[in-house]
Amino acid sequence: MQSPDADKATSFDVAFPLAVYSLDALKRAAYAMMHRISVKFDISNEHVRCIITPVSDKEDAARLERDFLREVIDHDLRISIEAQTEQTRTAILGLTFSRTGLQG
Amino acid sequence: MSRFKTLQHYEKVLDAGYRLLPFRFTQLDGDTYVASNMAGEFVVLDRSKLDEFAKFKLSPHDPQYSELKSKHFLLDDDSSATIDLLSVKLRTKLAPLANFTALHLFVTTLRCDHSCPYCQVSRANDDRQEFDMSQETALKSIDLAFRSPSPVLKFEFQGGESLLNLNLIRFIIEEVKRRNVSEQRDLQFVIATNLALLSDETIELAREHDILISTSLDGPEELHNRNRPRPGNDSYQRTIEGIHRVRRELGRDSVGALMTTTAASLSQVKAIVDEYIAQDFRGIFLRPLSPYGFAIKTKFYQAYDQSKWLEFYFEGLDYIIDLNLKGFAFTEYYAAMVLRKMLTPFQPGYVDLLSPAGVGVAAVVYNYDGDVYASDESRMLAEMGDKSFCIGNVHSNSYEEIFLNDTLLEALDSSFAASAPMCSWCAFEPYCGADPVFHHATQSDFVGKKPLSAFCNRNMSVFKGLIERMNSSPEVREMFERWAYMS
């Protein structure tokens, strides 16, 4: 799963099968960890290869990979919950803002 | 016929499964997570339980099923009113928005007798009267304040040292009261002062108009005087004498105090808390330093990093918790505000923790020169040369031009936490604020990249710390509930 990047000694990459993880989850995880890593995406038909470069050379690569994977899994679950609850959320917001006198 | 349905009926209802209601989750520590719903009710659960729940595998006989159901995280055949209840709770949280601006801050002068190196408002020397607000500017500002739809109007006088322009404070209060005969608003007046110049005249004015006094007390004498130099090096002595005098003449609760944390404060949080107890205050607001004004120019802001402030904060909080558990009632006010958001349906009006942001909506600042700022921090930023949040001038702009100012609307719109990257999926979003001024000052962006944001890091750590503490001790939970309902 992990291999050294030719251009940057400290970079490593992790491949994610698109059948299991959404690209959105990967992007969110990269955003959430921008204080620790920068991530480039290399997308093929079945996989996304995330090329990860630590922001600091003091970070342990194995730990970063583990934390990134956890972020991805968490975001995948969040995206699934958001999709399932979107209509209910809209209904709650609709009720919340109904009859407020702000509708004009 | 039986008066009650059979047990089997309820079991059948539970066995029919459940639907998820909208919720977000965030890791607390290791495998422990916190999930919150749209109204901010929260549940602490471990990752495997969270997964089970989200994938509809949680048994109705699991103890956390009842907790999730009672806090509106799920809907089953037995919970028909849940969506209405959630809407009412969310509506209650957002209700203060309809009142619009209640807090009107008047910078009566920039002059000050102190020369605090961390001063966030870039004070002027106390002999330069061109930094005083004029009566004409005050009258125009009062016009705008009364355009606010809020039934409560709070007028707060700030500086510099506000008492250096006491005559203007008297003028404003009398004019506001004269107009209020027909306006019929609920009025409150606050003078923010270092108390060094407290006079008989000030006391009489405060007595006549029920004015509250807000002062600065940074800690024990040596620390306070180091942070707040003035001629004679007697700031602490004057502040303490002033506090006692105000209490003696106007009543115990007529004076409150705020502290500012500097690098010198970091190692002495217990001594700072003890000083507040010695001066008979009922609580303390352990505040971080803001990245504005002289704090930046003198490198005071850079002198300590976020992690050191958090260590300071939690050492102080744990000390205060311990005092309470031993029977001495004392409150940390920042925690109390956050807990009010976490444990009640109500919303404290603290500008930094509002979303939509509190700038212009919860508070507005009329500067000595007539410029109007969206918040106190906006004014501090302007004194550093960045007038991005100057939303107009009382002499040249109408109420509509000021409060529908493009910069203000863009800042409010783009920074709204529920739709900001990272905030929108964060379990702490219902408790947090959108502080576009802070993010503009530190990242030149109203929204801010939250993984790089000291505001986000600080508040996330405080939210996690509070939840962890109340989750691990029923006594702390009970105490936090008292704090939440205090204000």
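On a predicted model such as this, the values are computed, not experimentally measured, just so you know.

Further remarks concern the overall build of chain A. The helix and strand tally for chain A stands at two helices and three strands. For chain A, the proportion of its 104 residues judged to be buried stands at 37%. Taking all contacts inside chain A whose residues are at least 6 apart in sequence as the whole, residues at least 24 apart take part in 63%. By element, 52% of the accessible surface of chain A is carried by carbon and sulfur atoms, the whole surface being about 6,200 Å².

Time to look at the domain arrangement of chain B. Residue and element names in this part refer to chain B. Domain boundaries in chain B define domain 1 (22–94), domain 2 (96–279 + 346–403) and domain 3 (419–472). Measuring from the centre of the C-alpha atoms in domain 2 to the corresponding centre in domain 3 gives 26 Å. In this complex, domain 2 contributes 13 residues to the contact, which on the side of domain 3 involves 13 residues. Between domain 2 and domain 3, a total of about 920 Å² is buried, with carbon and sulfur atoms accounting for 68% of that surface. Of all residues in domain 2, Asp352, Leu353 and Phe389 give up the largest surface area on contact with domain 3, accounting jointly for 48% of the area buried on that side.

On to the pattern of salt bridges. Residues and elements named next belong to chain B. Taken as a whole and judged by the stated rule, the model has 40 salt bridges over all chains. Between Arg179 and Asp143 there is a salt bridge, and its shortest N-O distance comes to 2.5 Å. Taken as a pair, Arg179 in helix H6 (residues 166–183) and Asp143 in helix H5 (residues 135–147) lie far apart in primary sequence, 36 residues in all. Note on Asp143: relative accessible area 39%, which makes it partly exposed. Here Glu481 and Arg477 are joined by a salt bridge, their closest N and O atoms 2.9 Å apart. Of this pair, Glu481 and Arg477 both sit in helix H19 (residues 474–484), four residues apart, roughly one helical turn. The structure contains a network of salt bridges with shared partners spanning Asp200, Glu204, Arg207, Arg245 and Glu249.

Before going further, it helps to spend a moment on the sheet that holds strand E1 (residues 12–17) of chain A. All names here are of chain A. Here three strands make up an open sheet; going across it, the order is E1-E3-E2 and the pairing antiparallel. The sheet terminates laterally at E1 and strand E2 (37–43), the two strands that pair on one side only. Taking each pair of neighbouring strands and ignoring which way they run, the sheet shows an average axis angle of 25°. Sheet strands touched by helix H1 (residues 23–32): E1, E2 and strand E3 (47–54). Its angle to E2, the strand with the most contacts, is close to 160°. The sheet strands contacting helix H2 (residues 61–96) are E1, E2 and E3, and the helix crosses E1 at an angle near 25°.

Taken together, the 25 residues of chain A in the interface contact 33 residues of chain B. For the chain A and chain B pair, buried surface summed over both sides reaches about 2,500 Å², with 67% attributable to carbon and sulfur atoms. Interface area lost by chain A to chain B is led by A:Tyr31, A:Leu77 and A:Ile92, which between them contribute 23%. Linking chain A to chain B there are two salt bridges. Its salt-bridge partner being B:Arg47, residue A:Asp74 comes within 2.8 Å of it at the nearest N-O pair. The interface formed by chain A and chain B contains nine residue pairs in polar contact (both at pLDDT 80 or more). Its residues placed into classes, the side of chain A that touches chain B shows 10 nonpolar, eight polar and seven charged.

This next bit is on the state of the cysteines. Residue and element names in this part refer to chain B. Under the defined criterion, the tally for this structure stands at zero disulfides over all chains. Between Cys112, a cysteine without a disulfide, and Cys116, which holds the nearest cysteine sulfur, the sulfur-to-sulfur distance is 6.2 Å. Given a relative accessible area of 13%, Cys112 falls into the buried group. No disulfide involves Cys432; its nearest neighbouring cysteine sulfur is the one of Cys423, lying 6.5 Å away.

What follows covers the sheet that holds strand E2 (residues 23–29) of chain B. Residue and element names in this part refer to chain B. The strand order E2-E3-E4 describes an open sheet built from three strands, whose pairing is antiparallel. The sheet terminates laterally at E2 and strand E4 (42–46), the two strands that pair on one side only. Neighbour to neighbour, the strand axes of the sheet diverge by 30° on average, direction disregarded. Sheet topology note: the E2/strand E3 (residues 32–37) ladder contains six bridges and is antiparallel. Looking across to E3, one finds that Arg24 is bridged to Ser36.

Reading guide: rules and limits
- Residues numbered from 1 in each chain as written.
- Chains lettered and ligands numbered in written order.
- Predicted model: local features only at pLDDT ≥ 70, side-chain atom pairs only at ≥ 80, totals over all residues.
- Heavy atoms only, no water.
- Helix = DSSP H or I, 4+ residues; strand = E, 2+ residues; numbered from the N terminus.
- Buried < 20%, exposed > 50% of the residue type's maximum accessible area, 1.4 Å probe, protein only.
- Contact = heavy atoms within 4.5 Å.
- Areas by Shrake-Rupley, 256 points an atom, 1.4 Å probe, with all protein chains shown as cover.
- Domains from an automatic or database assignment.
- Buried area = accessible area lost by both parts, 1.4 Å probe.
- Salt bridge = Lys/Arg side-chain N within 4 Å of Asp/Glu carboxyl O.
- Pairing = 2+ DSSP bridges.
- Axes fitted to C-alpha atoms, helices over the stretch in contact; angles between N-to-C directions.
- Polar contact = N/O pair within 3.5 Å; in protein donor to acceptor, adjacent residues only side chain to side chain.
- Nonpolar A, V, L, I, M, F, W, Y, C, P; charged D, E, K, R; others polar.
- Disulfide = S-S within 2.5 Å.

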